[in-house]
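# Architecture and fold: a report
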Amino acid sequence: MLIKINNLHVSVNETEIIKGLNLTIGEGEVHAIMGPNGSGKSTLAQTLAGHPNYDVTAGTVEFAGQNLLDLAADERARAGIFLGFQYPVEISGVSNIYMLKAALNARRKAAGKPEIDAVEFMRFVKEKAALMKLDQKFLTRGVNEGFSGGEKKRNEIFQMAVLEPKFAILDETDSGLDIDALKVVANGVNQQRDDKCSVLLITHYQRLLDYIQPDFVHVLANGQIIRSGDKDLALELEANGYDEILAAAKA
Amino acid sequence: MTKLSNNPTELNELKALWQAREQSNSAWLNQLQKHAFDIFSSSGFPTTRMEDWKYTDTRNIATNYPQWLKTQPQTIAHTPALLDIDNSIHLAFIDGHYSPEYSGTKQLPPGIIAGNLGDLADCYPGLLQEKLGKLANNNDSGFVAINTAFACDGAALLLPDNQDLEQPIYLSFFSSTPEITIQPRLLINLGVNSRATVLEHYSSNVAAITNAVTEINCGKGSELTWYKLQDEHIDAWHTAVQYAHLDQDATIKTTQIDIGAGLARNELRLTLAGRGAHAEAKGLLMADAQRHVDSRITVEHTAPETSSRERYRSILADCARGVFNGRILVQAEAQKTAAELTNKNLLLNSGAEINTKPELEIYADDVKCAHGSTTGQLDETSMFYLISRGLNIDEARNILIRAFAGELLTDISIEALRNRVQSALEELEHGHVK
Ligand SMILES: Nc1ncnc2c1ncn2[C@@H]1O[C@H](COP(=O)(O)OP(=O)(O)OP(=O)(O)O)[C@@H](O)[C@H]1O
Ligand SMILES: [Mg+2]
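Below or above, wherever it landed, is the structure these notes cover.

What counts and what doesn't
- Residues numbered from 1 in each chain as written.
- Chains lettered and ligands numbered in written order.
- Predicted model: local features only at pLDDT ≥ 70, side-chain atom pairs only at ≥ 80, totals over all residues.
- Heavy atoms only, no water.
- Near = heavy atom within 4 Å.
- Polar contact = N/O pair within 3.5 Å; in protein donor to acceptor, adjacent residues only side chain to side chain.
- Areas by Shrake-Rupley, 256 points an atom, 1.4 Å probe, with all protein chains shown as cover.
- Helix = DSSP H or I, 4+ residues; strand = E, 2+ residues; numbered from the N terminus.
- Donors = N, O, S within 2.8 Å, 3.2 Å for Na, K, Ca; no water.
- Buried < 20%, exposed > 50% of the residue type's maximum accessible area, 1.4 Å probe, protein only.
- Contact = heavy atoms within 4.5 Å.
- Buried area = accessible area lost by both parts, 1.4 Å probe.
- Salt bridge = Lys/Arg side-chain N within 4 Å of Asp/Glu carboxyl O.
- Nonpolar A, V, L, I, M, F, W, Y, C, P; charged D, E, K, R; others polar.
- Phe/Tyr/Trp six-rings, centres within 6.5 Å; stacked < 30°, edge-to-face > 60°.

## Quick look at the site of ligand 1
Residue and element names in this part refer to chain A. In the neighbourhood of ligand 1, 15 residues make up the surrounding shell, with Gly38, Lys41, Ser42, Thr43 and His204 lying closest. Measuring from an oxygen atom of ligand 1, one finds a backbone N or O atom of Gly38 at 2.9 Å. Note that an oxygen atom of ligand 1 is positioned 2.8 Å from one of the backbone N or O atoms of Ser42. Compared with its free state, where it exposes 640 Å², ligand 1 has 63% of that area covered by protein. The element best represented in the shell around ligand 1 is helix H1 (residues 41–49), accounting for three residues.

## Considerations on the coordination of the magnesium ion (ligand 2)
Residues and elements named next belong to chain A. Donor atoms from the polypeptide that coordinate the magnesium ion (ligand 2) comprise Ser42 (OG) and Gln86 (OE1), at 2.0 to 2.2 Å from the metal. In this pair, Ser42 is assigned in helix H1 and Gln86 in the loop between strand S6 (81–84) and strand S7 (91–95), connecting sequence segments 44 residues apart. Overall, Ser42 belongs to the partly exposed group, its relative accessible area being 24%. Residue classification places Gln86 among the buried positions, given a relative accessible area of 15%.

## Here we look at the interface of chain B and chain A
Facing 16 residues of chain B, the contacting portion of chain A comprises 32 residues. Here chain B and chain A share an interface that buries about 1,800 Å² over both sides, 69% of which is from carbon and sulfur atoms. Of all residues in chain B, the largest losses of buried area upon contact with chain A belong to Phe384(B), Tyr385(B) and Arg389(B), amounting jointly to 43% of the total for that side. Across the contact surface, chain B and chain A share one salt bridge. Residue Arg389(B) pairs with Glu156(A) through a salt bridge whose shortest N-O separation is 2.8 Å. The interface formed by chain B and chain A holds eight residue pairs in polar contact (both at pLDDT 80 or more) in total. Those elements giving two or more residues to the side of chain B that touches chain A turn out to be helix H7 (380–387) and helix H8 (393–410) of chain B. In terms of residue count, the dominant contributor to the side of chain B that touches chain A is H7(B) (six residues). Its residues assigned to classes, the side of chain B that touches chain A comprises eight nonpolar, five polar and three charged.

## Describing the packing of aromatic side chains
A full pass over the atoms with the stated rule returns 15 aromatic pairs over all chains. Aromatic side chains Phe85(A) and Tyr385(B) sit 5.0 Å apart centroid to centroid with 35° between the ring planes, which places their arrangement in the tilted category. Of the two residues, Phe85(A) is situated in the loop between S6 and S7 and Tyr385(B) in helix H7; the pairing between them involves two chains. One exposure class covers both Phe85(A) and Tyr385(B), and it is buried. Judged by centre distance (5.7 Å) and plane angle (35°), the ring pair of Trp53(B) and Phe143(B) falls under tilted. In this pair, Trp53(B) sits in the loop between helix H2 (27–43) and helix H3 (59–69) while Phe143(B) sits in helix H6 (residues 142–149), placing the two residues 90 residues apart along the sequence. Accessibility classification places Trp53(B) together with Phe143(B) in one group, the buried group. Through a chain of ring-to-ring contacts, the aromatic side chains of Trp18(B), Phe37(B), Phe40(B), Phe45(B), Trp53(B), Tyr65(B) and Phe143(B) assemble into a single cluster.

Read these as spatial facts, not as claims about activity.
Quick look at the structure:
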């Protein structure tokens with residue numbers, strides 16, 4: 001077991017969004033989370049990454065044997081959590097590569113290791129960029145600056161590939177991707193998975209799950225997981241929508 | 001009639017000091033000084049009742065100016081904090097006086113005149129008489145007038161035509177005697193098609209007053225890269241005005257950097273007077289603690305097909321106060337002028353404050369002008385993005401602050417200057433904790 005979320009309650013601006021959520025993810029597992037707009041998927045993602053605006057009012061989260069909620073956002077990242085944002089921010093004046101180097105070195109520093117060798121770093125980054133079919137010109141551009149919607153998403157997965165997390169939370173990384181980009185992104189995620197990275201995949205579309213086969217699919221509605229199943233659940237949702245499941249959960 | 005801000009005692013003291021000053025051998029210079037003192041006698045120092053000085057109260061400077069002008073320089077106890085610039089031609093001024101000991105002018109190519117203004121006024125009276133005091137307007141403020149009234153110590157740099165000077169000219173003004181007033185006067189003249197890089201550097205390790213005036217002439221087709229670093233002690237007060245006049249097809253690239261002083265006021269006045277003249281003016285103002293930094297730039301386009309681009313940024317922390325005033329003035333004859341002014345301000349704390357006012361004043365009809373100003377804090381979304389990648393709060397802040405300084409930092413061509421600015425940015429980042 002890598003991460004165990006128990007009875008999680010989260011409020012934003014005094015409004016409760018996550019209302020008693022339970023979820024356990026094993027090492028190397030891929031869990032897909034689907035659910036209606038506004039059901040709390042991104043809230044869950046941001047909370048796990050440690051965004052200060054999200055207040056955990058009750059519950060526990062255990063991550064690799066530690067109390068995750070005790071860690072600040074940057075400590076969580078260095079402990080191996082990665083968040084692929086639904087809406088990646090543009091940061092002009094800070095190049096992608098500069099940020100990644102700082103991020104890698106922050107990890108090394110925390111682990112008591114010296115800074116990464118510049119040549120070694122470039123070789124490593126270029127290899128990952130090639131894997132993500134990301135043109136090298138994106139390395140030196142400002143973080144997401146002027147990137148198209150799809151390029152931003154691809155850049156998120158590229159960063160994940162460089163940072164090699166233990167647990168990746170990917171918030172709608174598939175939205176806005178064309179078919180080819182979807183395959184590239186899926187390929188990137190699958191490689192991480194082979195390296196024992198666990199993945200929480202937030203998506204609205206069953207299509208992504210053809211490329212990244214999930215071990216489990218969960219439906220999040222109203223701040224709770226109301227149903228879990230295997231990948232067939234996604235097919236069922238695709239065919240019938242959420243109405244039936246929501247009604248069943250109410251009953 | 002402007003009401004006098006100096007009280008009569010201050011004025012009388014200044015008058016006595018002025019009369020007792022060491023007179024120049026040149027009658028024209030004495031005349032120039034006298035004329036300026038007359039103007040000062042009726043204007044006095046500026047007050048906050050004047051529109052241009054509304055936000056910057058110089059009463060403390062006015063009160064201490066005469067007293068501190070009497071202070072005799074002491075023997076310098078520590079090596080002055082000068083920049084180590086490779087291969088430069090260096091004119092050093094300690095406590096306002098030219099110091100051959102700290103200067104280095106061995107590399108001076110023939111044909112170039114560089115040295116202490118007062119000395120050169122005796123050696124080359126004709127050359128200096130032609131230029132000195134021609135651009136500076138004593139009516140602009142009491143600070144300009146009083147500087148001219150005492151004009152003697154300072155740097156003169158005269159480049160002949162077609163001189164391409166590779167080595168940067170480093171003009172350093174360092175004050176180390178407590179409670180001293182220095183009044184540097186600078187004259188820079190580039191002949192036709194000449195090229196040069198100049199750095200004016202003001203620093204101090206004591207409470208002191210600096211009141212500097214610079215006059216710059218850029219001849220036809222010439223190109224001047226000019227830097228000013230104001231890195232004074234926190235108990236020091238600094239005022240400076242630069243006048244630059246550009247002939248046809250001349251280019252000036254200015255970068256003004258404010259790091260220090262308790263109160264600093266800088267005024268840059270560019271006149272694009274020849275067809276095709278071009279100016280790039282940049283400013284990076286940094287202040288923390290209770291510092292006050294006031295920066296204004298006026299670009300006057302008086303000839304057709306001139307262009308200018310002004311980019312000023314300020315980063316203010318703690319309870320620092322910034323003032324920015326940028327003014328582009330396009331005269332009727334300056335058709336096909338292009339001008340663009342941007343001012344961006346980053347406030348790192350809720351206690352920091354800036355008053356900013358970009359202005360366009362256009363009398364020609366065929367022009368392209370734009371101006372804009374933004375003020376904000378570090379973007380929280382960007383902060384969280386970087387933190388979520390594993391950077392701690394300080395690292396994330398540093399990166400975003402540096403990104404804000406952007407090309408104003410990276411474009412600095414003098415390495416030692418760039419390093420100093422970089423370390424000042426770091427001090428600003430660390431000096432204050434959330
Ligand atoms: N910072 C905030 N302030 C106020 N309300 C918020 C904030 N963040 C989220 N919410 C609210 O919380 C609810 C859940 O939002 P969340 O972004 O988690 O939904 P989601 O499941 O990711 O939706 P989508 O599928 O549209 O991305 C929404 O009603 C949203 O308006
Ligand atoms: Mg969402």
